[in-house]
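Structural characterization, general
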Amino acid sequence: MFYILQDNVYLRILEGEYLAYSALTNETIILDETAFYLLESLKNEKCCFSSLLSLFSSDKASRGDTKNLLKFFLEDFIKRGFVRVYC
Amino acid sequence: MKIKEYNRKELKAIFNKGGNIVISPFIVNIQSSLPEVTKSIECLYSDYELITDDTSFTDFYVNICSRLFRWGYKPQARFYTDGRQPFLPLPLSQAFPFFEWGLNWCIAQYINTRLIIHSAVVEKNSQVFIFPGIPGAGKSTLCAALINRGWRLLSDEMAMVDLDNYQVTPIVRPVGLKNESIDIIKSFAPDAVFGKSFLDTSKGTVAHLKPSIKSVEQSTKKGVCRWVIFPEYVPNAKLQLVPISSAESVLKLAGNSFNYNVLGGAGFEALCSLVEKSESFSFTYSCLDEAIMKFNELVEKDGNTHSVYL
């Protein structure tokens, strides 16, 4: 299965694992299924998925409530092991 | 005509002006008046076609030369491609490995019509094995051992994956071996043809193993990747072949790719599709014969590999 979540962001499901790639940040990550659905629901709230991905490997300063909310979610995902960061 | 059909004097004259060698899928124009370069090409590329007319399209122009005024003091080899010099000079004695490394760079730098993964690639019974790995992982040693036991060489350096059908295009060239690996393969395959050993390079001692005629003759035959094996040579280790998930395999392959990031979504799709059609393993070995036996088992039991896991 292959999805394009939005421009330049791709998702592929391989043997039940969710692989996401952002051509904007050149990051490839494995998402836990739970994380995927949470991210999907965040996307429906018009959050930027690629911005989300870019937060994985950097300490970019977040501005505004939306980004703070996303950062909170991401930190929580990483702590729970929903998200593995590779590159 | 093949290179072996020319005598040394003719080759010298051709390479002085620049000769087109067919290193499928590319045509590489090599210009060099350095005797060491000509001798090594004569030895290692003897089964390759040399085109002397000017009508063929040339993919890469490379020139290995030396400056005359430095001949008396630490003579150097210089590498040019398309008239540019991308690297600092190396000692003249390393002129041939400089050509090999430089050509690797040219391909990795300029070929973005295919996904390129740093890996050795071999084939048996139409099943392509990709061995990605960082330098020192043992992929070239494994590759050299396999091709000396009848496997077909597709590449010692890179897997070139087509972006439309995800097939692997061969680029058959001499296998570069380093340090202890040279003697290991020389004793493993006493009939193997080696070029000269180059001492004190940045990688230590380097020597090149000539590819088999069969591999060169089949260098236009593409293959479908069936196995992705991440090798690691560990002295005295017990052989281990451990399955890894497809998603993890994609991430590891991405880390070994030269142009994954350049290709964007097309690269991601190609990697995922390649892995989806393959099985991926991490592989620890210390004995070449055991490793080859294990890969032969995989080939024979294709489609029912669970029984051969360790």
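Our subject in this report is the structure included herewith. (Residues numbered from 1 in each chain as written. Chains lettered and ligands numbered in written order. Predicted model: local features only at pLDDT ≥ 70, side-chain atom pairs only at ≥ 80, totals over all residues. Heavy atoms only, no water.)

A few words now on the sheet that holds strand β14 (residues 204–209) of chain B. Residues and elements named next belong to chain B. Judged by pairing direction, the sheet is antiparallel, and its three strands sit side by side in the order β12-β14-β13 without closing on themselves. What marks the edges here is a single partner per strand, and that holds for β12 (175–178) and β13 (198–201). Each adjacent strand pair in this sheet contributes to an overall mean axis angle of 35°, direction not counted. Taken together, the four bridges between β12 and β14 define a ladder with antiparallel strand orientation. Within β14, the residue paired with K178 across the bridge is V206. Against the sheet, helix α3 (residues 95–110) makes contact with β13 and β14, and its axis sits at roughly 75° relative to β14, the strand it touches most. Against the sheet, helix α5 (residues 180–188) makes contact with β12 and β14, and its axis sits at roughly 115° relative to β12, the strand it touches most. (Pairing = 2+ DSSP bridges. Helix = DSSP H or I, 4+ residues; strand = E, 2+ residues; numbered from the N terminus. Axes fitted to C-alpha atoms, helices over the stretch in contact; angles between N-to-C directions. Contact = heavy atoms within 4.5 Å.)

For the rest of this paragraph, the subject is the nonpolar core. Residues and elements named next belong to chain B. Formed by 73 residues in total, the largest nonpolar core has its most connected members in I107, F129, I229 and F295. Residue contributions to this core peak at seven residues, all from α3. Split by domain, this core shows at least three residues from each of two domains, domain 1 (3–110) and domain 2 (114–302). The next biggest cluster of nonpolar side chains, apart from the first, holds 32 residues, and it includes V128, A159, V168 and L253. (Core = buried A, V, L, I, M, F, W, Y, C linked by side-chain atoms within 4.5 Å. Buried < 20%, exposed > 50% of the residue type's maximum accessible area, 1.4 Å probe, protein only. Domains from an automatic or database assignment.)

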